[in-house]
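Analysis of the macromolecular model
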Amino acid sequence: MNRLPGNGDRSAPLFTRVQLPKGFEVCWAGPQPFRDGFCFGSDDGRLLFTDEKGAQLRLGAASDSGEAINGVAGVGTAMAVSTRQEVNLFPLLDNVGGHDFSVVIPHGAHGITTTPSGYFIAPLGRTGIMTVKPPLSPSSRATVYSDDGTDFSAYRVISLHSAADGEVMACAGRLGGIGAAKFSGGQQTQHMTTVTFKALDIVDLCALRSEADSLAVAALGRDGTLILFQDILHDRQPLRIRYDAVEGVAYRILSCRGDIFLLTSKALYLLAGLAGRFVAGEPVEGVTTPVFVVRAEGVDANLCGEEWLLVVTPDEVRKFDVRLMHDSTPQDLSQGEIRDWNPKNFPLEAERRHLQQRSTRVPAGAA
Amino acid sequence: MQDHEHPRSTARSQYRYLFTAKHHGGGSKGDAMWHPSLSEDDEFGVFDRADDLELSDEAGNLYGALPDGEGSLRFLGTWQQQISKFPCAGEGAPWHGYPLWALNDSAPPSRRKPSRGWATAVFIRMVETGLITRGMRIRLMKGDHV
């Protein structure tokens, strides 16, 4: 099913297929860093920029190693592209994606994002968390925050902000749990608080109110478990829930307009209103959640503002209209693959620890 | 643990296999280590299957994975690695292996070699033989879990 019975518009398509050039094997899709439109990464290290209608604007190499792209971000006049081999940084010239030199940080990353204060920030697995702030030059250096002797493996990182705590960095750390720290660029050490859950492999996390001053976060376990925090920095009793009907290996969790999107190896799930209810302090346990299921083998997914959700499958990129999906739930989602799910609340077996992460300066190479 | 050989050889090529202390906790802190939940038969099974399915690169190295139900792979290493490498051994010498993949951080930056060349061919072969799906191949190429 790819059509949604909507408010008086029964022909509104649930998603459209993005047309990509022949030979462009897409592995990542997300927003253009600097303007409306989309950005696509290929498994041979190329980037394609399009407008929102899919018209091709620019196509070119973006990875020094030619490895598959797993993240793209932009801040100020610089763009960053991550692969499992290295992080590529580009100062921009006139055109989107235009540049005359690049800076290569020789550490593989699982992705890359930005902070409100203008830093690029990337999870480097066991190596730690990398930060670098433009402007860029061929002699630019990155700072890597690392901590020896723990299971924490930085796998996904997000940036948050609150009036009380300023910038906060939160990180999915696989079997090392979930980490959070106040972020101030240039500091020598960083004090990260981690919450670990017995044998729970934390693979992703997202802000629940990205537009607001809020530290509310949802984290995702590889088995589909959700961990919901009202305040990732201070919450000592996050809510841990799981929907038994979620199938497959959990890959991504995203939140928009009060809904939660969960991508697994089997399907895309829309948990209607779950984020909104949780941040409003309304009950989640024992409350039925309307769930919309789109069956497809997921590869990756990213939100583009509050309008679009791009889902990469082995065969194509699907562009979902997030506003339409939100406005159509829960009342209108009465046909097709609609489910009502009750979450199971697990007893929390969390352990809170404090890590002190030291910074080291990493030289970059010009390419 | 001391280095020792598995009692069997691989079915296809009759390769011998050596369990090395280095990759079972006896090495340095930075050495990749097989996951303790894997038995020696499991580890040998990954190698045997890699040989049987001819999951090799141009240099003759073999690469393996262990299915975990439909659409997933077991963790082979203590750092959630889901792929393993078996460097090509000399004529008549036993092979050994270690968990690999996720990020390319297993060597100093100057010694890291882009893996795209071998990975593309090996992962396509894994898809052809049904060991992984096409979606899993794309995720593994990016350093993502499956």
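Residues numbered from 1 in each chain as written. Chains lettered and ligands numbered in written order. Predicted model: local features only at pLDDT ≥ 70, side-chain atom pairs only at ≥ 80, totals over all residues. Heavy atoms only, no water.

1. What to know about the sheet that holds strand β1 (residues 15-18) of chain A
Residues and elements named next belong to chain A. What counts, and what does not: Pairing between strands requires that DSSP locate at least two bridges from one strand to the other. Under the scheme used here, helices are H or I runs from DSSP no shorter than 4 residues and strands are E runs no shorter than 2 residues, and both carry numbers assigned from the N terminus. Here an angle of 0 to 180 degrees is reported between the N-to-C directions of two axes, which are lines fitted to C-alpha atoms, with helices fitted over the stretch in contact.
Taken together, the four strands give an open sheet; going across it, the order is β1-β28-β27-β26, and neighbouring strands pair in antiparallel fashion. A single partner strand is all that each edge strand has here, and the edge strands are β1 and β26 (300-304). Strand-to-strand twist of the sheet, defined as the mean angle between neighbouring strand axes without regard to direction, takes the value 25°. Strand direction decides the pairing type here: β1 and strand β28 (residues 317-321), joined by four bridges, are antiparallel. Within β28, the position partnered with threonine 16 by the bridge is lysine 319.

2. Overview of helix α3 (residues 134-142) of chain B
All names here are of chain B. Put simply, the rule reads: Three exposure classes are used, based on accessible area relative to the maximum for each residue type with a 1.4 Å probe and protein chains only: buried under 20%, partly exposed in between, and exposed over 50%.
Across the nine residues that make up α3, a large majority, eight, are buried. Among the residues of α3, those classed as buried are Gly135, Met136, Arg137, Ile138, Arg139, Leu140, Met141 and Lys142. Glycine 143 occupies a position one or two residues after α3 and carries a positive phi of about 85°.

3. Observations concerning the confidence of the model for chain B
Stated precisely, the cut-off is as follows: Per-residue confidence from the predictor is reported as pLDDT, a score between 0 and 100.
Across chain B, pLDDT averages 91, with 91% of residues at or above 70. Overall fold confidence for the complex sits at a pTM of 0.91, while the interface term, ipTM, reaches 0.92.

4. Observations concerning the interface of chain B and chain A
Our working rule: Contacts: residue pairs with any heavy atoms within 4.5 Å of one another. In what follows, salt bridge is the name for a side-chain nitrogen of Lys or Arg lying within 4 Å of a carboxyl oxygen of Asp or Glu. Counting of polar contacts relies on pairs of N or O atoms within 3.5 Å, with two restrictions inside protein: one atom must be capable of donating a hydrogen and the other of accepting it, and residues adjacent in sequence are counted only when both atoms are side-chain atoms. We call Asp, Glu, Lys and Arg charged. Ala, Val, Leu, Ile, Met, Phe, Trp, Tyr, Cys and Pro are nonpolar, and the rest, Gly among them, are polar.
Residue-level contacts link 34 residues of chain B with 42 residues of chain A. Seen at the junction of chain B and chain A, the total is four salt bridges. When the shortest N-O distance is used, the salt bridge between aspartate 43 of chain A and arginine 137 of chain B registers 3.7 Å. At the junction of chain B with chain A, the criterion picks out 15 residue pairs in polar contact (both at pLDDT 80 or more). Considering each element in turn, the side of chain B that touches chain A owes the most residues, nine residues, to α3 of chain B. Here the side of chain B that touches chain A is composed, by residue class, of 13 nonpolar, ten polar and eleven charged.

5. Section: the sheet that holds strand β3 (residues 62-64) of chain B
Residue and element names in this part refer to chain B. On the basis of which strands lie adjacent, the open sheet formed by three strands has the order β3-β4-β5 and antiparallel pairing. One side of each edge strand has no neighbouring strand; the edge strands of this open sheet are β3 and β5 (98-100). Across the sheet, the mean angle from the axis of one strand to that of its neighbour is 40°, orientation sign disregarded. Inspection of the sheet shows β3 paired to strand β4 (residues 83-86) by three bridges, in the antiparallel sense. Each bridged residue has a counterpart across the sheet, and for tyrosine 63 the counterpart in β4 is lysine 85. On the sheet, helix α1 (residues 40-52) packs against β3 and β4 and is oriented at approximately 125° with respect to β3.

6. Some words on unusual backbone geometry
All names here are of chain A. Between proline 134 and proline 135 the backbone carries a cis peptide bond, its omega angle lying at 10°. The backbone of arginine 174 shows a phi angle near 55°, a positive value even though the residue is not glycine. Secondary-structure assignment places arginine 174 in the loop between β15 (166-172) and β16 (178-182). The phi angle at alanine 199 is positive, at roughly 60°, despite the residue not being glycine. Mapped onto the secondary structure, alanine 199 falls in the loop between β17 (189-197) and β18 (202-207). On the basis of relative accessibility, which here comes to 73%, the residue alanine 199 falls in the exposed class.

7. Here we look at α1 of chain B
How we decide: Between the first and last residue of a helix there are one fewer steps than residues, each counted as 1.5 Å, and that sum is the expected span.
Here α1 of chain B contains 13 residues, and its C-alpha end-to-end distance of 18 Å stays within 8% of the 18 Å for a straight helix at 1.5 Å per residue. At the C-terminal side of α1 of chain B, glutamate 54 of chain B shows a positive phi close to 55°.

8. Description of the pattern of salt bridges
Taken as a whole and judged by the stated rule, the model has 25 salt bridges over all chains. A salt bridge links arginine 295 of chain A to glutamate 247 of chain A, with the nearest nitrogen and oxygen atoms 3.8 Å apart. Of this pair, arginine 295 of chain A sits in strand β25 (residues 289-295) while glutamate 247 of chain A sits in the loop between β21 (239-242) and β22 (250-256); the two residues are 48 residues apart in sequence, bridging distant segments of the chain. Its relative accessible area of 38% is what places glutamate 247 of chain A among the partly exposed residues. Across the pair aspartate 144 of chain B and lysine 142 of chain B runs a salt bridge whose closest N-O atoms are separated by 3.4 Å. In this pair, the class of aspartate 144 of chain B matches that of lysine 142 of chain B, namely buried. Through salt bridges that share partners, Arg156, Asp204, Arg252 and Asp300 of chain A together with Arg139, Lys142 and Asp144 of chain B make up one connected network.

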